[in-house]
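Coordinate inspection notes
Each chain, written out:
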Amino acid sequence: MESIKWIILGIAILMYALVIAFQEKKVWFTSMAAFIVIVLGMVVPGVIFPGSESHLYAFTHSVFEIINWNVIMIYLGSMTIAALFLYSNVPARIADAIVNSSRNTGVAIVLILAMTGIISIFVENVATVLVMAPIALALCKKLKMNPTYFMIGLAVMSNLEGTATLVGDPPSMIFAAYAGYNFNDFFFHNGTFSVFWIVQLGLLVGCIYFYCFFAKTGKNKVEVDKTEVLSWFPFALLLIMIFGLAGISFIPTEFKFTSGLYVLCLGIIGLVWYRFNQKKEKKDVWELVKGLDWETIFFLLGIFVVVGGIQEVGLLQDFAVLLAKVCGGSKLLGFIIILVVSIVISGFVDNVPYIIAMLPVAGGMAETMQLKPELFMFALLVGSCLGGNLTPFGASANVVSMGIVKKEGYPMKFSGWLKVAVPFTILTTTASALLLWVLWS
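A short tour of the structure in this document, coming up.

**Thoughts on the overall build of the chain**
Summing up its helical and strand segments, the chain has 20 helices and two strands in all. For the chain, the C-alpha atoms occupy an extent of roughly 60 × 50 × 45 Å along the three principal directions. Counting only residues that meet the buried cut, the chain has 57% of its 441 residues in that class. Within the chain, residue pairs in contact and separated by at least 24 positions form 76% of the contacts whose partners lie at least 6 positions apart. Carbon together with sulfur atoms contributes 69% to the accessible area of the chain, which is approximately 18800 Å² in total. The average position of the 26 basic charges and that of the 24 acidic charges among the side chains of the chain differ by 12 Å.

As structure tokens, then:
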């Protein structure tokens, strides 16, 4: 069993190294790594995927359990709605209104990024990026500006605010289930300011950072003509998706694919509207579907399988036990280690399996040291969610944003992502962590 852990860890490290070095071939590397993990599970039943001696179990478990089809369906449906939203010219009209009402283009960019964060409080991060991307792209075209850094901003701001409420992001939902938190506890818990306000300080710092970042290109006031809207139906579809996802988050159900199926059905409705209401030919509909970011879909599928393998062999749990020993009895050391390690790990590994493994450790450490459990558990939540901003594949929203700018003809380099995201991650996490320490230590 120990040897298979090292094999899986080696596969994951090699995959990430190749993805960083050869991003244009990233789908090949993630797909091959996922294929190897599944084959190993089939060849040696019960070793990578415990629970069955069947040779087919590794395949069925990977396909039906490890891969997050809910995210995949949300992505497909949101991409379709976003494409129709862009076709309608509504994003361009919104961009015109923001630019015309702002003191300068730097303020306009920050307002769009702040709007992205606000939407992400209630809507899944990938969907948020897909909603806001057409607006950002339309503004960049007006300003004749490279959209790469703007798109990075959309991703990191959505990841940041997704932490703020129970319904914003899966890690928050997992934390709430473990800690017994309800929706209101994310605002105030036992009379103390809770996660929401801690994250809002990060949002404020993030907005200041991006204003300074875009200050050189956004000093002037730009007046633009209002774009004529072709139809408001895609915008209505978009609002239905946003409020529907927020509403679904409050519905208690064991069915895992509710939100995914909901968004996918809305996307299909959009295609039917495009075909018949807009009097488009079948080839036009096919071109729209073919133009969606299928590369990112296959990249995510591979990542899900490999990270699932890491979790299944117990590597994350082993690390959690080791971390508990290293922290010893120091409150400050434990806080810093949990925060920093969570940032680094979540920059490369999906934060959902990580936070599942670490929550009992963080809670147990706090109990042993007779501390408020929120100190370590909030540090884990903030670090694992904001740490996903560190690298271009630290969160699904990051992968999506890279796919969008590549499709627009601006391939994003790994160094380009780090240039924007590393300072943003350090500043926002530090601000949130300081407030967390003041409130809960």
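**Remarks on the packing of aromatic side chains**
Note on aromatic pairs: each is described by the distance of the centres and the angle between the planes. One pass over the full model with this rule turns up 24 aromatic pairs. Here the aromatic rings of Phe85 and Phe235 are separated by 6.1 Å at their centres, their planes lie at 20 degrees, and the arrangement is stacked. One end of the pair, Phe85, is in helix α4 (residues 69–87); the other, Phe235, is in helix α11 (residues 233–248), with 150 residues separating them in the sequence. With 6.2 Å between their ring centres and 25 degrees between their planes, Phe393 and Phe414 make a pair best called stacked. In this pair, Phe393 sits in the loop between α18 (373–386) and α19 (396–407) while Phe414 sits in helix α20 (residues 414–440), placing the two residues 21 residues apart along the sequence. Phe414 shares its class with Phe393; the two are buried.

**Focus on the packing of α4 against helix α12 (residues 258–277)**
Between α4 and α12, whose axes approach to 7 Å, the crossing angle comes to 30 degrees. Relative to α12, α4 is oriented roughly parallel. Viewed along their axes, α4 and α12 form a crossing whose handedness is left-handed. Here α4 contributes Asn70, Met73, Ile74, Leu76, Gly77, Ser78, Thr80, Ile81, Leu84 and Tyr87 to the contact with α12, which in turn contributes Thr258, Ser259, Gly260, Leu261, Val263, Leu264, Leu266, Gly267, Gly270, Leu271, Trp273 and Tyr274. For the contact of α4 with α12, the per-class residue count stands at 13 nonpolar, nine polar and no charged.

**Brief notes about the side chain of Asn398**
Residue position: Asn398 is located in helix α19. Here Asn398 falls in the buried class, since its relative accessible area comes to 0%. In this structure Asn398 touches Ala155, Asn159, Gly388, Asn389, Thr391, Pro392, Phe393 and Trp417, once residues within four positions along its chain are discounted.

**Overview of the pattern of salt bridges**
This structure, assessed with the given rule, holds three salt bridges. Among the salt bridges present, the one from Lys26 reaches Glu295, with a minimum N-O distance of 3.5 Å. Taken as a pair, Lys26 in helix α2 (residues 26–43) and Glu295 in helix α14 (residues 294–312) lie far apart in primary sequence, 269 residues in all. You can call Lys26 buried: its relative accessible area is 8%. Between Glu295 and Lys406 there is a salt bridge, with the nearest N and O atoms lying 3.2 Å from each other. One end of the pair, Glu295, is in helix α14; the other, Lys406, is in helix α19, and 111 residues separate them in sequence. Judged by its relative accessible area of 25%, Glu295 falls in the partly exposed class.

**A few points about the nonpolar core**
Phe150, Met151, Leu154, Phe210, Met241 and Phe376 are the most contacted members of the largest nonpolar core, which totals 140 residues. Looking at this core, the element that brings in the most residues is helix α7 (residues 125–143), giving 13 residues. In contact with Met241, other than residues within four places in its own chain, are Ser78, Ile81, Ala127, Val131, Tyr262, Val263 and Leu266. With seven residues, the next largest nonpolar core counts Leu84, Leu271, Tyr274 and Val285 among its residues.

**What to know about unusual backbone geometry**
The phi torsion at Asn89 lies on the positive side, around 75 degrees, for a residue other than glycine. Take Asn89: it is sitting in the loop between α4 and α5 (90–101). Positioned with a positive phi, Lys279 is a non-glycine residue whose angle comes to about 55 degrees. By the secondary structure assignment, Lys279 is in the loop between α12 and α13 (282–290). By relative accessible area, which is 69% here, Lys279 ends up exposed.

The rules we used
Residues numbered from 1 in each chain as written. Predicted model: local features only at pLDDT ≥ 70, side-chain atom pairs only at ≥ 80, totals over all residues. Heavy atoms only, no water. Helix = DSSP H or I, 4+ residues; strand = E, 2+ residues; numbered from the N terminus. Buried < 20%, exposed > 50% of the residue type's maximum accessible area, 1.4 Å probe, protein only. Contact = heavy atoms within 4.5 Å. Areas by Shrake-Rupley, 256 points an atom, 1.4 Å probe, with all protein chains shown as cover. Lys, Arg positive; Asp, Glu negative; His and termini not counted. Charge placed at Lys NZ, Arg CZ, Asp CG, Glu CD. Phe/Tyr/Trp six-rings, centres within 6.5 Å; stacked < 30°, edge-to-face > 60°. Axes fitted to C-alpha atoms, helices over the stretch in contact; angles between N-to-C directions. Parallel < 35°, antiparallel > 145°, perpendicular 65-115°, else oblique. Left-handed = near helix turned anticlockwise from the far one by under 90°. Nonpolar A, V, L, I, M, F, W, Y, C, P; charged D, E, K, R; others polar. Salt bridge = Lys/Arg side-chain N within 4 Å of Asp/Glu carboxyl O. Core = buried A, V, L, I, M, F, W, Y, C linked by side-chain atoms within 4.5 Å.

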